[in-house]
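# Residue-level structure breakdown
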Amino acid sequence: MASTLRRAEGRDAVRSGELVAAVLAGAWRSAPPSLCLSAEELAQIGPRLQQTGEAALGWWRVRDSELRTSAAAVELRQAYRYATIWAAVHEHQVQQAISALQAAGVEPLLAKGWAIARWYPEPGLRPYEDIDLCVRPEQQAAAQAALRVPPGASGHPVDLHTQFLDLRERPFDQLYRHSEQAASGDVCVRVLGLEDHLRLLCLHFWRHGAWRPLWLSDIGALLEALPQGFDWDYCLRGSASDARRVVCALGLAHELLGAQIELALFSRQATLLPRWLVPAVLRKWGAPAEGVLPPLIWTLIRQPGSLPHALRHRWPDPINATVWLAGPFNELPRFPYQLVDSLRRSAAVVPRSAKVLLQEWQQSNRNR
Amino acid sequence: MLPIVRPADELRVVDLPDEVLIYDLKRHQAHCLNQTAAFVWRRCDGQTSVAQLAALLQADRENLNIAAAEEMVWLALDRLSRAHLLQGRVIPPAVAAGIPRRALLRKVALAAVGGALVLPVVESIVAPTVAMAASCGVVCTGNTTLCAGFAVCFTCLAVGGGVKTCQ
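Residues numbered from 1 in each chain as written. Chains lettered and ligands numbered in written order. Predicted model: local features only at pLDDT ≥ 70, side-chain atom pairs only at ≥ 80, totals over all residues. Heavy atoms only, no water.

## A word on the overall build of chain B
Assigned secondary structure in chain B consists of five helices and six strands. Mapped in sequence order, the helices and strands of chain B form the string β-β-β-α-α-α-α-α-β-β-β. Across chain B, every contact between residues at least 6 apart in sequence was considered, and the portion connecting residues at least 24 apart equals 48%. Of the accessible surface of chain B, which amounts to about 8,100 Å², a share of 56% is contributed by carbon and sulfur atoms. (Helix = DSSP H or I, 4+ residues; strand = E, 2+ residues; numbered from the N terminus. Contact = heavy atoms within 4.5 Å. Areas by Shrake-Rupley, 256 points an atom, 1.4 Å probe, with all protein chains shown as cover.)

Right under this line is the structure:
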């Protein structure tokens, strides 16, 4: 009975994930394809789009359709309005941060956020919060000093790096050599080169378990903006497993969101997506967002009846398990990865569980 | 006092085809102005009187007599002022004289219906609950948290504005 219920939940999540994918398909284009969705289906995924930041894109898709007056679309439109004005605020923050760094003799590299929003028809369609800047390691202190704001003043939400985690095998100077310049108002912003950016987006997407559909939309938007001379060799250079993940992300953007890509560029073997991958991504996109779960040991003590449910929610999904264990994206079953990942996670929470047990014991002693 | 908009460095403004979006950098509030409200707001330069604003509005809209235009301008100014989009407080004479805003609105609405006009609307836009800042989308409750179901999310980082998200 329980397993039947679980399967039904899984099917529902995949179906919702498919609806999310349908809304985002080609949503980064100035004239996206027409959308075949009922008002009920839009209402079903509306909260999910709001939560993961695709609501503005959702409005972009439905704004010229009959759905535009539906209750769900009205909510999406509000999110679009907010994202649009917020993008203007953020762009100003980007300009301020870059100007402050440049005045201090630091030239940062900007990635994601504003740099990605440029590829969308309107900057508000791609919401972002922090400003990811990378500086030379020897300039980090100067950069931090330049970005420091007096107490009480509103600062810049800058995430300062000396290397990007997903491009850690590429030193700053290499990224800088391949970077390009973009204009934001009067400020000249140095952004990651397209090859590095596409690689970063793909690896970042997998490192975070593909949970956010917007990241795949970013990949689609960039893919369709690539110039003729795009250096695929440089983009894919590095470990074979990273290259495979990049190509898998491209294939997924094509498969789920209809991103146009010349798949003939790659070998057939490279572009084949493992059969477990697409359902795993869709399940993730369609599943209700998880809140912070209480420690398992707490559940065991306080609500033993909900232990099966708690265990099920902690069972790692195949993408996270594969990425964490640096496993290959191939056709082999994911169960071994999930099992090992589950054990790893359990080991990681042992000290925390011990702390909870101690607290419970102290509490019960006090009550006695 | 002639109505005047807040200084440009306190606001961010985006023009959309049929509305204007404004973000108040001091109060951290977002507003959406429809065309009528935006028409009035754009012309509040501290040199244009309400009568002149009404004349401009009448010239821009068909089927609007000058008295109705002036009522419409006062309504717009009242709404803009209450949203803190103007310098100082602007109170319509009718409201100052003790006439309830609802009655004023009804009067302007009747004029608007007669002329098939759109009443000025200043709508506050509320930020959607978005997990956009977080890489894993879970809002932390402590300094560390276990983000179930995600690959590498174990530490809560301050993102700004006192908000912590799990990264």
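## Topic: empty space enclosed by the protein
Across all of its chains, the model carries three cavities of 30 Å³ or more by this definition. In this structure, the second largest cavity encloses a volume near 40 Å³. Here the lining of the second largest cavity is composed, by residue class, of six nonpolar, two polar and one charged. (1 Å grid on protein atoms, 1.4 Å probe; cavity = no way out; pocket = protein on both sides within 12 Å on 5 of 7 lines; lining within 4 Å. Points joined across faces, edges and corners; volume = space filled by probe spheres on them. Nonpolar A, V, L, I, M, F, W, Y, C, P; charged D, E, K, R; others polar.)

## Some thoughts on helix H15 (residues 307-314) of chain A
All names here are of chain A. Along H15, the residues classified as buried are Leu307, Ala310 and Arg314. The buried residues of H15 occupy one face: seen down the axis, they fall within an arc of 65°. Packed against the buried residues of H15 are helix H14 (296-302). (Buried < 20%, exposed > 50% of the residue type's maximum accessible area, 1.4 Å probe, protein only. Arc of directions from axis to C-beta.)

## Some words on the pairing of strand E2 (residues 131-134) of chain A
Residue and element names in this part refer to chain A. Residues Ile131 and Leu133 line one face of E2 and the alternating positions Asp132 and Cys134 line the opposite face, and both faces are buried. Across four bridges, the pairing between E2 and strand E3 (residues 158-161) is parallel. Looking at E3, one finds that leucine 133 is bridged to leucine 160. (Pairing = 2+ DSSP bridges.)

## Overview of the side chain of serine 81 of chain B
With respect to the helices and strands, serine 81 of chain B occurs in helix H3 (residues 66-82). Ignoring sequence-local partners within four residues, the contact set of serine 81 of chain B consists of Leu86, Gly88, Arg89 and Val90 of chain B.

## Things to note about the sheet that holds strand E4 (residues 122-125) of chain B
Residues and elements named next belong to chain B. What the four strands build is an open sheet, ordered E1-E2-E3-E4; its pairing is antiparallel. Looking at strand neighbours, the two that pair on one side only are strand E1 (11-16) and E4, the edges of this open sheet. If you compare each strand with its neighbour and ignore which way they point, the axes differ by 25° on average. Judged from the six bridges that link them, strand E2 (residues 19-24) and strand E3 (residues 29-34) form a sheet pairing that is antiparallel. When the sheet's bridge partners are listed, glutamate 19 is paired in E3 with asparagine 34. Lying on the sheet, helix H1 (residues 35-42) is in contact with E1, E2, E3 and E4; it crosses E3 at an angle near 105°. (Axes fitted to C-alpha atoms, helices over the stretch in contact; angles between N-to-C directions.)

## Describing the confidence of the model for chain B
Residue and element names in this part refer to chain B. When pLDDT is averaged across chain B, the result is 76; 72% of the residues are at 70 or more. In the model, residues 132-167 has pLDDT below 50 throughout and makes 99 contacts with residues more than four positions away in sequence or in other chains. With pTM at 0.84, the complex prediction returns an ipTM value of 0.78. (pLDDT = per-residue confidence, 0-100.)

## Describing the pattern of salt bridges
Residue and element names in this part refer to chain A. A full pass over the atoms with the stated rule returns 28 salt bridges over all chains. In this structure, the salt-bridge partner of glutamate 107 is arginine 190, at a minimum N-O distance of 3.7 Å. With a gap of 83 residues between them, glutamate 107 in the loop between helix H4 (71-103) and strand E1 (109-111) and arginine 190 in strand E5 (residues 187-191) connect regions that are remote in the sequence. Among the ionic pairs, lysine 112 bridges to aspartate 132, the shortest N-O distance being 3.8 Å. Of this pair, lysine 112 sits in the loop between E1 and helix H5 (113-117) while aspartate 132 is found in strand E2, placing the two residues 20 residues apart along the sequence. (Salt bridge = Lys/Arg side-chain N within 4 Å of Asp/Glu carboxyl O.)

## Re the packing of aromatic side chains
All names here are of chain A. The tally for this structure, following the rule as stated, stands at nine aromatic pairs over all chains. Aromatic side chains phenylalanine 230 and tryptophan 232 sit 4.7 Å apart centroid to centroid with 70° between the ring planes, which places their arrangement in the edge-to-face category. A relative accessible area of 8% means that phenylalanine 230 is categorised as buried. Look at tryptophan 232 and you get buried, because its relative accessible area is 17%. An aromatic cluster is defined as three or more aromatic residues linked by ring pairs; in this entry it consists of Phe205, Trp206, Trp276 and Phe329. (Phe/Tyr/Trp six-rings, centres within 6.5 Å; stacked < 30°, edge-to-face > 60°.)

## Things to note about the packing of helix H2 (residues 50-60) of chain B against H3 of chain B
Residue and element names in this part refer to chain B. Where H2 contacts H3, the axes come no closer than 8 Å and their chain directions differ by 115°. With respect to H3, the axis of H2 lies roughly perpendicular. Helix-helix and strand crossings are classified by hand; for H2 and H3 the assignment is right-handed. Packed against H2, whose contacting residues are Val50, Ala51, Leu53, Ala54, Ala55, Leu57 and Gln58, the element H3 presents Ile66, Ala69, Glu70, Met72, Val73, Trp74 and Leu77 at the interface. Within the contact of H2 with H3, the residues separate by chemical class into 12 nonpolar, one polar and one charged. (Parallel < 35°, antiparallel > 145°, perpendicular 65-115°, else oblique. Left-handed = near helix turned anticlockwise from the far one by under 90°.)

## Overview of the nonpolar core
Within the largest apolar cluster, 86 residues are counted, with the highest numbers of intra-cluster contacts made by Leu198, Trp206, Ile219, Leu223, Trp232, Leu250 and Trp285 of chain A. Not counting residues within four places of it along the chain, the set of residues in contact with leucine 198 of chain A comprises Ile219, Leu222, Leu223, Leu226, Phe230, Trp232, Cys235 and Leu250 of chain A. The next biggest cluster of nonpolar side chains, apart from the first, holds 29 residues, and it includes Leu11, Leu57, Ala76 and Val90 of chain B. (Core = buried A, V, L, I, M, F, W, Y, C linked by side-chain atoms within 4.5 Å.)

## Let's talk about the environment of proline 333 of chain A
Looking at the secondary structure, you find proline 333 of chain A in the loop between helix H16 (318-324) and helix H17 (335-348). Taking the C-alpha atoms as reference points, proline 333 of chain A and tryptophan 276 of chain A, 57 residues apart in sequence, are found 8.2 Å from one another.

## Side note on unusual backbone geometry
Although it is not a glycine, alanine 326 of chain A adopts a positive phi angle of roughly 55°. Looking at the secondary structure, you find alanine 326 of chain A in the loop between H16 and H17. The residue histidine 84 of chain B is not glycine, and still its phi comes out positive at about 60°. Residue class for histidine 84 of chain B comes out partly exposed when judged on its relative accessible area of 32%.

## What about helix H3 (residues 55-62) of chain A?
Along H3 of chain A, eight of the eight residues are buried, which leaves the element largely enclosed by surrounding structure. Turning to H3 of chain A, its buried residues number three or more, namely Ala55, Ala56, Leu57, Gly58, Trp59, Trp60, Arg61 and Val62 of chain A.

## Describing the state of the cysteines
Following the criterion strictly, the structure yields zero disulfides over all chains and no others. In this structure cysteine 134 of chain A is not part of a disulfide, and its nearest cysteine sulfur, from cysteine 188 of chain A, lies 17 Å away. With no disulfide of its own, cysteine 44 of chain B lies closest to cysteine 32 of chain B among cysteine sulfurs, the gap being 17 Å. Of the residues examined, cysteine 44 of chain B reaches a relative accessible area of 2% and is grouped as buried. (Disulfide = S-S within 2.5 Å.)

## Let's talk about the packing of helix H9 (residues 213-223) of chain A against helix H11 (residues 240-257) of chain A
Residue and element names in this part refer to chain A. The N-to-C vectors of H9 and H11 enclose an angle of 95°; their axes lie 9 Å apart at closest approach. Compared by their axis directions, H9 and H11 come out roughly perpendicular. Mapping the contact onto sequence places Leu216, Ser217, Ile219, Gly220 and Leu223 in H9 and Ala249, Leu250, Leu252, Ala253, Leu256 and Leu257 in H11. Considered class by class, the residues forming the contact of H9 with H11 number nine nonpolar, two polar and no charged.

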